[in-house]
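Structural overview
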Amino acid sequence: MLLVHGFGAFSFAWSRMIDYLPAGFRFIALDLKGWGYSEMKCDDRLAPVDQAELLGGFIEKMNLQDCILIGHSMGGAISLISLFNKQVSQRVSKLVLIDSAGLFKRLPEFIEDLMLTPPGTFWRKYVDINFLVSLVLKQAYYDQERIDIDAITKYGDILRRENAINCLVAAARQIAMPGIKDFYRNVRKITIPILIIWGEDDKIIDVEDAKLFKRVIPHAEVHIIPACGHCPQEEKPWETAGIIAEFLRIPAVLPPPGSETPTTEPAGTGFYDNYKLRMRRLIDRWGFNAVVLIVFVKILQIFKKIGFKAEENSWRKATGIFLRNEHSKFILACFRLRYLGGQPTPTTLGEAKVLLIERLAGFLRNHPDCHWSLDWGFMRAKRKKVFFTDIIESEFDRDGVLLHLTPHLDKSRHVFSTLDDKFMNSAIARIIKLYNKLRGMRDNKRNRLIQRKLRRWIRRQLISLTARQELRLFCDRVLDATFIQFEIIPDEPGLFLRRRLATPNLKNRRHPGFGLLNVVCRFTSNLQEADLWLQHNHVSADGMPMQELLEDLKREWGVCGQLLYPATSDKAAKPEIFYFGNRIFRARVYINFERFIKTRKFFNQRFYHEMGGPATVAGMIIWGLAQHKFFRRRKFVFPIDAAPPLDHSRERSISLVIIRPSRYFDASDPLRGFLRYQREFNHRLFATQVGKSETYELLELYAMIHPAFYHIGKRFMAKAFGEMLGTAGITILKDAEMFVSPLTDLSINGFVALGNMTMPTEDGSTAGAVSICGTREQVKEYIKALYSLVEDYPKYCGIEEISE
C-alpha cells in the first residue's frame, strides 16, 4: 500500500490508520516534494502534475508491483494523474481516494488565503505556528475533540523547518490544474477497482464532490462516513481502515486495548458501524416455527430500542441454561509439571499429595478467574463468587462409590472459632453418605438435595448458634471447593504413555457439590512429575481463559520436558471411546494434520483476497465435515472470544459463528463454492468478534427473557432452535495439550473439540488430539469424516493435488 498525503500534511497523516489496516501488506507513506521531511525546494515544480510525475518515478524506481494506491485530498488528485502514465498504471492494482481533490469547482478557502500571502519570513515572526495548525485542523475535523496536542505538535514542527512556509505558499499558488477536460477524459479511462471514501461533514471539499467522482467513474465504490470531516484517516482511522479492508475483502485489524481512537467513540467498529443487522440471515430453512421465532426476536429488538436491556452477560445466562449438566463440562490438561517447587522429591504418595495441594492452592488463590462456584436455581444455574481457596481430596472406588474426603482448607482464612474437628468429621461423613445415596440423580437435583439435607442435619445439632453457623459455613465451603483425586501412572513398558494420556472418566467420579474444578492428578511412579486434568463447570468459566490459566501454571511451576503423543500408527493411538451416560459417548482420536496444514497454507498463499482473509482452521474443518454424507445438511456452530473490544467495562465473553456449509456447495466449481463459503465465514467471524453480527445480537436479545422461554422453545420448537443456533459444533483451543469436548443441550448432532494440532509424536511426526461428544453413531461418523478430510481436503475443493 502506497499512501499519498494531502495539501499541508505529510506521512504522519497515516500513522493512526496504518495500525488498523489488514496485516500482510507493506506500507509506504511518503512525503511529497516540499512537504514533511522531503527536500524543501520551493521552485515552480510543486503542482499536482509535477508531484504525480515524481510519484510515478518513485513507483518505478522502487519496482512496486500489485500496488494499492491510497491518496487523500490533493494526494488523491496526484494519484489519479500518476495513473495516466501507462507504465505506472500497470503496477497499480487498486486505487483508494479519500476526500479527494481534482474535481472541485472552487478552491478551498484556506488555500485561496495562502495564495495571497506575501513571501518571506512574515509568518515566522508574527504568527504562532501551533495556533495556525489548530485553526486548520478545526476546519478539517468534524469532531474537534478528536484533535490532540500530538497532531498539532507534529504538524507545527514540520512547518518550523527552514523554507517550509515558503513551500506551502508556493504549492498553493500552483494548485490549479490546467486542461481540466483532459483530466476528466483520462480519469474515465481508469479501469482498475476504485474506492471513494468521504467524510459527510467535510468543510474543505464538499461531500457533493463524491457524487461528482461517482458520475465520472461509474464503477467506483463510494462510502460516506457520517459525523466526519475532511480527514477520515485521522479523525476516524478505524472506520476508514474497515472500509478499505472490506474493499480489499480482508478483515481489518482490531484496535489494541486502551487505544485512543476506539475509546473516543465506543460505537466505532470500522465498516460494521454501518452494517445493518438482518435477523432473517439466521434462517436458511423456513417453517412456521422459524417464522414465530423471528417475529419473537423482532419484538425483543423493539424492546431493546426503547431501553430494555439484559441485567447480566448474555453468554453467561446461556451457559446457565444449556451448559449446566455434567456432559457440558469440559476438561483441559497440562503434563509433566514440576510441582516440587525446589523441594526434595517426596518418598511417599502422601507427601507428594500434600506438596501439590499446597502449591495448587497458592496458585488458585492468585487467580480470580477460579473463584467461582455454581448456584442452582429455577430452570437455570448461575455462578457465584467464592472467597476461599479450599481443596478437598477425594477418593472413589471402581464403581464410583465415594470412599473418603480430606479437606485442605484455605490457610489464609481462619474463621472457625468454636467448631471442632468432631463436627467437621461428622459433616464430611454425612456428605459422603448423601453423595453415595444420591449419586444416580442428575446434577441439578443431587447437589441441591445434598445441600438441603445437610442444612436439615445442621439444624438438628445440639450446639450453639455460633457453632451451627460455622458448621453450615464449613459444609458450604466443602461443596464449593476444588475437588482433587490422585493416581499413579503405572510404569509398565508399552502402556505408560497410553495410561498417561487416557481421558479420566469422571462420569462416576463427579464433583459432589458446586465447585468450579474437579481435578485428577496423575503422578509418575518416581513422584517427580505431575499431570493435571482439570474438569471445569461451563457455567462459571470458559475454555480460553482457563487454557490461559494453565499456561500461567506451566510458566510458574515449569515442566520436566516436552509431552510426546504416540505415533498415529501405534496401538497407544487407537481411538478411545467410552459411555458417559444418557446415551452420550465421548471419544478421542489422534490425527496427523500435516497434510491439512499444508492445504491451508496453499489456500492462504493463493486465495487470501478471494477468501476475504485467511482460511481458518475452524472454517476448513467445518467445510470438510460437511462433505461427509452424515453432516451434509447440518448447521454448525463455532464459539469464539467476543468481548466487545471498545467496552472494557464488560467482561470477557463468548459468542457464536453459525453457518450451514451446504448453502455454498457448487457442484460445477467446488473451489468457487469453498472460496465463497470461507469468505462468508470470515465475515461472520470478524463481525461477531466486534459485536456486530446477527448471532451476537441474538444472544444479547435472548438474555432479556426468562429461562422459561428457552425451555418452552426447546420443547416445542426444537428444529427452529437448531436452525437458528446450529445443531453440530466445533471448538478450538490452539495451545491446549489436551481438550475434552463439552456438549450443549442444543448440540443434538454432536460436538468436536480440538487442541494443539502440531504436538510432537514419538516417531518424530506431529499430531493433534480430537475429542468428540455425541451419540454412538455420531461419534463413529465424526471419526470417519475427520480421517477423510485430512487426507482428501484438496478434492473437496476441486483440486487434484497441492503443489509444493
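The helix and strand tally for the chain stands at 29 helices and 23 strands. Seen through its C-alpha atoms, the chain measures out along the principal axes to roughly 100 × 65 × 60 Å. Pairs at least 24 apart in sequence give 74% of the contacts found in the chain among residues at least 6 apart. Per element, the accessible surface of the chain, about 35300 Å² overall, is 52% carbon and sulfur.

Generally speaking, soluble globular proteins have nonpolar side chains that are buried together. Core analysis: the largest hydrophobic core is formed by 67 residues, its most contacted members being Leu2, Phe7 and Ile194. Looking at this core, the element that brings in the most residues is helix H9 (residues 164–173), giving six residues. Counting residues in each nonpolar core, the second largest holds 53 residues, with Phe585, Tyr677, Ile732 and Ile772 among its members.

As a further point, take helix H23 (residues 594–607). Here H23 contains 14 residues, and its C-alpha end-to-end distance of 20 Å stays within 8% of the 20 Å for a straight helix at 1.5 Å per residue. Every buried residue of H23 is accounted for by Phe596, Thr599, Phe602, Phe603 and Phe607. Buried positions in H23, seen along its axis, are confined to an arc of 115 degrees and lie on one side of it. Exposed side of H23, more than 90 degrees from the buried face: Lys601 and Gln605 are the residues found there. For H23, the secondary structure elements touched by its buried residues are helix H24 (617–626), helix H25 (670–689) and helix H29 (776–796).

Glycine aside, the phi torsion of most residues is negative, and most peptide linkages are trans. Positive phi outside glycine occurs at Asp66, with the angle close to 50 degrees. Judged by its relative accessible area of 58%, Asp66 is exposed. For Leu527, which is not a glycine, the phi torsion comes out positive at approximately 60 degrees. Relative to the helices and strands, Leu527 is located in the loop between strand S13 (517–523) and strand S14 (530–536).

Below, the discussion takes up the state of the cysteines. All chains considered together, the criterion is met by one disulfide. Paired by a disulfide, Cys42 and Cys167 hold their sulfur atoms 2.3 Å apart. Where Cys42 bonds to Cys167 through sulfur, the torsion about that S-S bond is close to -100 degrees, and the disulfide is left-handed. A residue pair is termed long-range when its members are at least 10 positions apart, and Cys42 in the loop between strand S2 (28–30) and helix H2 (48–61) and Cys167 in helix H9 qualify at 125 residues. Not engaged in a disulfide, the cysteine Cys370 finds its nearest cysteine sulfur in Cys334; these two sulfurs lie 12 Å apart. Counting only cysteine sulfurs, Cys334 is the nearest neighbor of Cys560, a cysteine outside any disulfide, at a range of 12 Å. Given a relative accessible area of 24%, Cys560 falls into the partly exposed group.

This part covers the pairing of strand S4 (residues 92–98). Most of S4 is tucked away, with six of its seven residues classed as buried. In the sheet, S4 pairs with strand S5 (residues 194–199) via four bridges, with the strands oriented parallel. Note that in S5 the partner of Leu95 across the bridge is Ile194.

A surface patch of like charges, here negative, comprises Asp570, Glu594, Glu762 and Asp763. For Asp570, the position within the fold is in the loop between helix H22 (543–557) and strand S15 (576–581).

With respect to topology, six strands assemble into an open sheet ordered S2-S1-S3-S4-S5-S6, the strand pairing being parallel. The sheet is open, and its two edges are formed by S2 and strand S6 (221–225), each paired on a single side. Taking each pair of neighbouring strands and ignoring which way they run, the sheet shows an average axis angle of 20 degrees. Where strand S1 (residues 2–4) meets S2, three bridges bridge the pair, whose relative direction is parallel. Counterpart to Leu3 in the pairing with S2 is Ala29. Strand contacts of helix H3 (residues 74–82): S1, strand S3 (67–72) and S4, with the helix running at about 140 degrees to S3, the strand carrying the most contacts. Most of the contacts of helix H11 (residues 208–216) go to S5, to which it runs at about 165 degrees, and overall it touches S4, S5 and S6.

The rules behind the values
- Residues numbered from 1 in each chain as written.
- Predicted model: local features only at pLDDT ≥ 70, side-chain atom pairs only at ≥ 80, totals over all residues.
- Heavy atoms only, no water.
- Helix = DSSP H or I, 4+ residues; strand = E, 2+ residues; numbered from the N terminus.
- Contact = heavy atoms within 4.5 Å.
- Areas by Shrake-Rupley, 256 points an atom, 1.4 Å probe, with all protein chains shown as cover.
- Core = buried A, V, L, I, M, F, W, Y, C linked by side-chain atoms within 4.5 Å.
- Buried < 20%, exposed > 50% of the residue type's maximum accessible area, 1.4 Å probe, protein only.
- Expected span 1.5 Å × (residues − 1).
- Arc of directions from axis to C-beta.
- Disulfide = S-S within 2.5 Å.
- Pairing = 2+ DSSP bridges.
- Patch = residues over 30% accessible without salt bridge, like charges linked within 9 Å, V, L, I, M, F, W, Y side chains within 5 Å.
- Salt bridge = Lys/Arg side-chain N within 4 Å of Asp/Glu carboxyl O.
- Lys, Arg positive; Asp, Glu negative; His and termini not counted.
- Charge placed at Lys NZ, Arg CZ, Asp CG, Glu CD.
- Axes fitted to C-alpha atoms, helices over the stretch in contact; angles between N-to-C directions.

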